[in-house]
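Here are the chains, one letter per residue:
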Amino acid sequence: MSRRYDSRTTIFSPEGRLYQIEYAMEAISHAGTVLGVLAKDGVVLAAEKKVTGKLLDLSGAKEGGYGGSGEKIYLLNSNVIGGVAGLTADANSLINYARSAAQQHLLQYNEDIHVELLAQRLCDLKQGYTQYGGLRPFGVSILYAGYDSHYKFQLYHSDPSGNYSGWKATCIGANNGTAQSLLKQEYKDDIDVKTAISLVLKTMSKTMDSTTLGSEKLEFAVLTVDPETKQPKAKIYRPDEIDKLLESEGLAKKDDDAMKTS
Amino acid sequence: MSIMEYNGGSVIAMVGKDCVAIASDLRLGNQALGVSSNFQKIFPVTDRIYLGLPGLATDVTTLRELFRYRVNMYTVKEERDIEPETFAHLVSSTLYERRFGPFFIEPVIAGMSKTPAGGLKPFIAATDLIGCLNFAKDFVVAGTASSKLFGVAEGLWEPDLEPEDLFETISQTMLNAVDRDAYSGWGVMVHVITKDKVISRTLKGRMD
Amino acid sequence: METSFAITGKGYIIVAADTTAARSIVKMKTDEDKIKTLSPHLLMAYSGEPGDTIQFAEYIERNIRLYQIRNNYPLRPPAAASWIRRSLAESLRSRKPYAVNLLLGGYDTTTYTPHLYWVDYLGTMTEVPFGAHGYGSYFALSLLDRYHDPEASLEEGIVTLKRCIDEVAKRLVVTPGKYKVKVVDKDGIREIEL
């Protein structure tokens, strides 16, 4: 039965389902959690890293790049941060696509791409793989945290089928159900970035498998508007900045944790 | 009438002591008719590279957008800022792509480049409209007032000028050269790039 | 002789263009509207080679409209102007370039500021406080250097515009005749009678 309807992405099952898409989404629900919260003056993203260990070389993450350690959170454009859950290799290809789509928009219109339009661009690509034969869909869900002149701060989510939607707070990856119900309880309209940061970290600490949070398991980013230039300012935290933030939020790991990377 | 003189405009860059300066006029004209007195020809490429684009105004905008695109793509792929030498070669190859139907622009590049020891040293360069690079140790000029700029700069420039003195030198060079050129003028924009900051000033000059 | 003017004021832009459609030495039509409404807050006055003008203006008009339908909101004036400029710059190096000069006046509803762009057939673009195309520009620009006030009310702006029109009528060998005048501000676009 299943052999007949899931060997190709482009074939509907008799119940009218596309199994490959559902499998892709299933793969994502085992991936590291990515969580986003929209505030009135910013957007916050946090992600759980799965690839850890004391032999992993993270020297590149300490300096250079845009911050982050290059597993879950990426700068897509000067006004958009993306958090990915799913197959990392697929995600890399989508990030490349997003960055060049954003730059092409800048070239054509001399204006930063609108957040929704960037999500649409990626969804057009993702949708293509649910329809044209021979290829596997992207096993990636993305959270887009962005700012543009029309709708100000925004948070979008896109899945492997090419669906996307806007959110006030949402979560993808492992334990996303738990996180979402937590967010539903805790979220209030008109929260500011500071409250959103606490909310994100608190929710993360409750959903993640490990009992204590630390920079070797967490990536973190905030998008705000620079009060001086009025331009969006994307900040992806470096490992030492994450530890400092966790400490100030009272969520830092105790010294008994053996996972010291330095 | 040459197409290089259609809109008018000039740019100059100078080396100082641990700093560089780049200046341009602000005129946009249609031959002898002035259209705008606020047409920027110098654009920031990174925090410590500035690019001057004198020549045909349509290509000023086109190249400005094209270089921003290529530098941004470089930055996201490399995850670091481009170095002035690398950028100069990007400019050169971008212009040479159009060897037989060129952009009518003679770019000037000014920036501070990293030394192997970890410090910063001044860098200036200019190319012709098909991308032939000219790395200079003192100053480079381009645009409709280039011949006048050469003369004044030759007289005023001296080695190892401090940022404020370099600002004065490049400003006087520019203001006096464009006064003798009908196609340049209508204000001057000056940027002095030092190790830790960029000083940008707009000068009024003769507005006639 | 085709002539168009545009001036900015406090929160508005006035765009004026003559209404003559001429072929060789003959006036074929004297009520031609050469100012297109591209979006609820964007005007474009066009002049140049007959045929090219209408073809290009309609191409721009429909693409700007398509963007608005696809994305639910129109392009902001700076983005629209950049895109239109690019179309002209790309056309310039094609086999048959469009010979069209433009004045783009728009009101940015996200920043509450008026924008005026002067664009020529080469793809030269610059934001200006006032601009003009055609033979009229030789008279109007120097006049506007003297009389233009970026903080002027709409009534004062219209008076300044009339000065330009009267000067061109007085000094230009071939007087353009009637003008169509449109205004764009926070309330959108409307035509005004002089």
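This is a predicted model, so every value here is computed, not measured.

What counts and what doesn't
- Residues numbered from 1 in each chain as written.
- Chains lettered and ligands numbered in written order.
- Predicted model: local features only at pLDDT ≥ 70, side-chain atom pairs only at ≥ 80, totals over all residues.
- Heavy atoms only, no water.
- Contact = heavy atoms within 4.5 Å.
- Buried area = accessible area lost by both parts, 1.4 Å probe.
- Polar contact = N/O pair within 3.5 Å; in protein donor to acceptor, adjacent residues only side chain to side chain.
- Nonpolar A, V, L, I, M, F, W, Y, C, P; charged D, E, K, R; others polar.
- Pairing = 2+ DSSP bridges.
- Helix = DSSP H or I, 4+ residues; strand = E, 2+ residues; numbered from the N terminus.
- Axes fitted to C-alpha atoms, helices over the stretch in contact; angles between N-to-C directions.
- Buried < 20%, exposed > 50% of the residue type's maximum accessible area, 1.4 Å probe, protein only.
- Parallel < 35°, antiparallel > 145°, perpendicular 65-115°, else oblique.
- Phe/Tyr/Trp six-rings, centres within 6.5 Å; stacked < 30°, edge-to-face > 60°.
- Lys NZ or Arg CZ within 6 Å of the ring centre and 35° of its normal.
- Disulfide = S-S within 2.5 Å.
- Salt bridge = Lys/Arg side-chain N within 4 Å of Asp/Glu carboxyl O.
- Expected span 1.5 Å × (residues − 1).
- Core = buried A, V, L, I, M, F, W, Y, C linked by side-chain atoms within 4.5 Å.
- Patch = residues over 30% accessible without salt bridge, like charges linked within 9 Å, V, L, I, M, F, W, Y side chains within 5 Å.
- Areas by Shrake-Rupley, 256 points an atom, 1.4 Å probe, with all protein chains shown as cover.
- pLDDT = per-residue confidence, 0-100.
- Lys, Arg positive; Asp, Glu negative; His and termini not counted.
- Charge placed at Lys NZ, Arg CZ, Asp CG, Glu CD.

Our next topic: the interface of chain B and chain A. Counting from both sides, the interface comprises ten residues of chain B and, opposite them, eleven residues of chain A. Surface buried jointly by chain B and chain A totals about 1,100 Å² across both partners, of which 55% is contributed by carbon and sulfur atoms. Per-residue buried area on chain B facing chain A is highest for Tyr69, Val76 and Glu79 of chain B; these three make up 49% of the total on that side. Taken together, chain B and chain A are joined by five residue pairs in polar contact (both at pLDDT 80 or more). The residue makeup of the side of chain B that touches chain A, split by class, is four nonpolar, two polar and four charged.

Moving on, we come to the sheet that holds strand β10 (residues 232–236) of chain A. Residue and element names in this part refer to chain A. Strand order in this open sheet of five strands is β8-β1-β2-β9-β10, and the pairing throughout is antiparallel. Bordering the open sheet on either side are β8 (169–172) and β10, each of which pairs with just one other strand. Across the sheet, the mean angle from the axis of one strand to that of its neighbour is 10°, orientation sign disregarded. Across the sheet, helix α7 (residues 193–207) touches β1 (34–39), β2 (42–48) and β9 (218–225), and the angle it forms with β2 is around 15°.

Here we come to the sheet that holds strand β12 (residues 188–192) of chain C. Residue and element names in this part refer to chain C. The strand order across the open sheet formed by five strands is β10-β1-β2-β11-β12, and the pairing between neighbours is antiparallel. Two strands bound the open sheet, and with one partner strand each, they are β10 (130–134) and β12. Taking each pair of neighbouring strands and ignoring which way they run, the sheet shows an average axis angle of 15°.

Right, let's talk about the side chain of Ser171 of chain B for a bit. Of note, Ser171 of chain B is situated in helix α4 (residues 163–179). In this structure Ser171 of chain B touches Val190 and Leu203 of chain B, once residues within four positions along its chain are discounted.

Next up on the list: the pairing of strand β2 (residues 19–25) of chain B. Along any regular strand, the residues point their side chains to alternate faces of the sheet. Residue and element names in this part refer to chain B. Counting buried positions along β2 gives seven out of seven residues, so the element sits mostly inside the fold. Of the two faces of β2, the one carrying Cys19, Ala21, Ala23 and Asp25 and the one carrying Val20, Ile22 and Ser24 are both buried. One ladder, built from five bridges, connects strand β1 (residues 10–15) with β2; its direction is antiparallel. From the neighbouring strand, Val15 faces β2, where its bridge partner is Val20. Here β1 folds back onto β2, and the loop between the two strands holds three residues, one of which, Asp18, carries a positive phi near 55°.

Further remarks concern the side chain of Thr20 of chain C. Mapped onto the fold, Thr20 of chain C is located in the loop between β2 (12–18) and β3 (21–23). Assessed through its relative accessible area of 11%, Thr20 of chain C is described here as buried.

This part is about the packing of helix α1 (residues 57–78) of chain B against helix α2 (residues 77–92) of chain C. Close contact between α1 of chain B and α2 of chain C brings their axes to 11 Å; oriented N to C, the two are set at 110°. Between α1 of chain B and α2 of chain C, the interaxial angle falls into the category roughly perpendicular. Touching Thr58, Thr61, Thr62 and Glu65 of chain B of α1 of chain B are Arg85, Arg86, Ala89 and Leu92 of chain C, all from α2 of chain C. Looking at the contact of α1 of chain B with α2 of chain C residue by residue, the classes come out as two nonpolar, three polar and three charged.

Right, let's get into the packing of aromatic side chains. Evaluated as defined, the whole model comprises 14 aromatic pairs over all chains. A connected cluster of aromatic rings, assembled from ring pairs, spans Phe139, Phe150 and Trp157 of chain B. We note Lys235 of chain A situated over the ring of Tyr237 of chain A; from NZ or CZ to the ring centre the distance is 5.0 Å. We note Arg163 of chain C situated over the ring of Tyr147 of chain C; from NZ or CZ to the ring centre the distance is 3.8 Å.

The tally for this structure, following the rule as stated, stands at zero disulfides over all chains. Lacking any disulfide linkage, Cys171 of chain A is separated from the closest cysteine sulfur, that of Cys123 of chain A, by 18 Å.

Right, let's get into the pattern of salt bridges. Considering all chains together, one arrives at 30 salt bridges over all chains under this definition. Taking the shortest distance from any N to any O, the salt bridge between Glu32 of chain C and Lys29 of chain C comes out at 2.8 Å. Note on Glu32 of chain C: relative accessible area 17%, which makes it buried. A cluster of three or more residues bridged by salt bridges with shared partners is formed by Glu65 of chain B together with Arg85, Arg86 and Glu90 of chain C.

This part covers the interface of chain C and chain B. Each partner contributes residues to the interface: chain C has 17 residues there, and chain B has 21 residues. Buried area between chain C and chain B, both sides added, is near 1,400 Å², and the carbon and sulfur share of it is 53%. On the chain C side of the interface with chain B, the three residues burying the most area are Arg85, Arg93 and Thr124 of chain C, jointly 34% of the side's total. Here chain C and chain B share three salt bridges between them. Summed over the shared surface of chain C and chain B, the number is eight residue pairs in polar contact (both at pLDDT 80 or more).

Residues and elements named next belong to chain A. Positive phi is not limited to glycine here, since Lys152 has a value of about 55°. Topologically, Lys152 is positioned in strand β6 (residues 152–158). Residue classification places Lys152 among the partly exposed positions, given a relative accessible area of 38%.

On to helix α3 (residues 136–147) of chain C, then. Each turn of an α-helix holds 3.6 residues, which means side chains three or four residues apart point in the same direction. Helix length check: α3 of chain C, at twelve residues, gives a terminal C-alpha distance of 16 Å against a target of 16 Å (1.5 Å per residue), a fit within 8%. Of the residues making up α3 of chain C, those classed as buried are Gly136, Ser137, Ala140, Leu141, Leu143 and Leu144 of chain C. Buried residues in α3 of chain C make contact with β4 (33–36) of chain B together with β1 (3–9), β10 and α4 (154–171) of chain C.

Glancing now at the nonpolar core. Soluble globular proteins tend to bury their nonpolar side chains together. Counting 47 residues, the largest nonpolar core has Leu35, Val37, Val44, Ile81, Ile197, Leu218 and Phe220 of chain A as the members making the most contacts within it. Broken down by element, this core gets its largest block of residues, seven residues, from α7 of chain A. The residues touching Phe220 of chain A, leaving out its near neighbours within four places in the chain, are Val44, Leu45, Ala46, Ile73, Ile197, Val200, Leu201, Lys235, Ile236, Tyr237, Ile242 and Leu245 of chain A. Counting 44 residues, the second-largest nonpolar core is a separate cluster that includes Ile113 of chain A together with Ala57, Ala81 and Tyr117 of chain C.

On the surface, a nonpolar cluster with roughly 570 Å² of combined accessible area is contributed by Met1, Tyr135, Tyr138, Val173 and Val174 of chain C. With respect to the helices and strands, Val173 of chain C occurs in the loop between α4 and β11 (179–185).

Reading predicted coordinates in detail is not appropriate for stretches of low pLDDT. Within chain C, residue pLDDT values average 96, and 100% of them lie at 70 or more. Interface scoring of the predicted complex returns ipTM 0.94; its pTM is 0.92.

So, about the pairing of strand β3 (residues 73–77) of chain A. Residue and element names in this part refer to chain A. Counting buried positions along β3 yields five of five residues, so the element is predominantly enclosed. One ladder, built from four bridges, connects β3 with strand β4 (residues 80–86); its direction is antiparallel. By the bridge assignment for β4, Tyr74 is matched with Gly82. From the end of β3 to the start of β4, which pair antiparallel, there are two residues.

A separate point is a negative patch on the surface. All names here are of chain B. There is a patch of like negative charges on the surface, built from Asp18, Glu158, Asp160, Glu162, Asp165 and Glu168. Looking at the secondary structure, you find Glu158 in the loop between α3 (146–156) and α4. Since its relative accessible area comes to 45%, Glu158 is described here as partly exposed.

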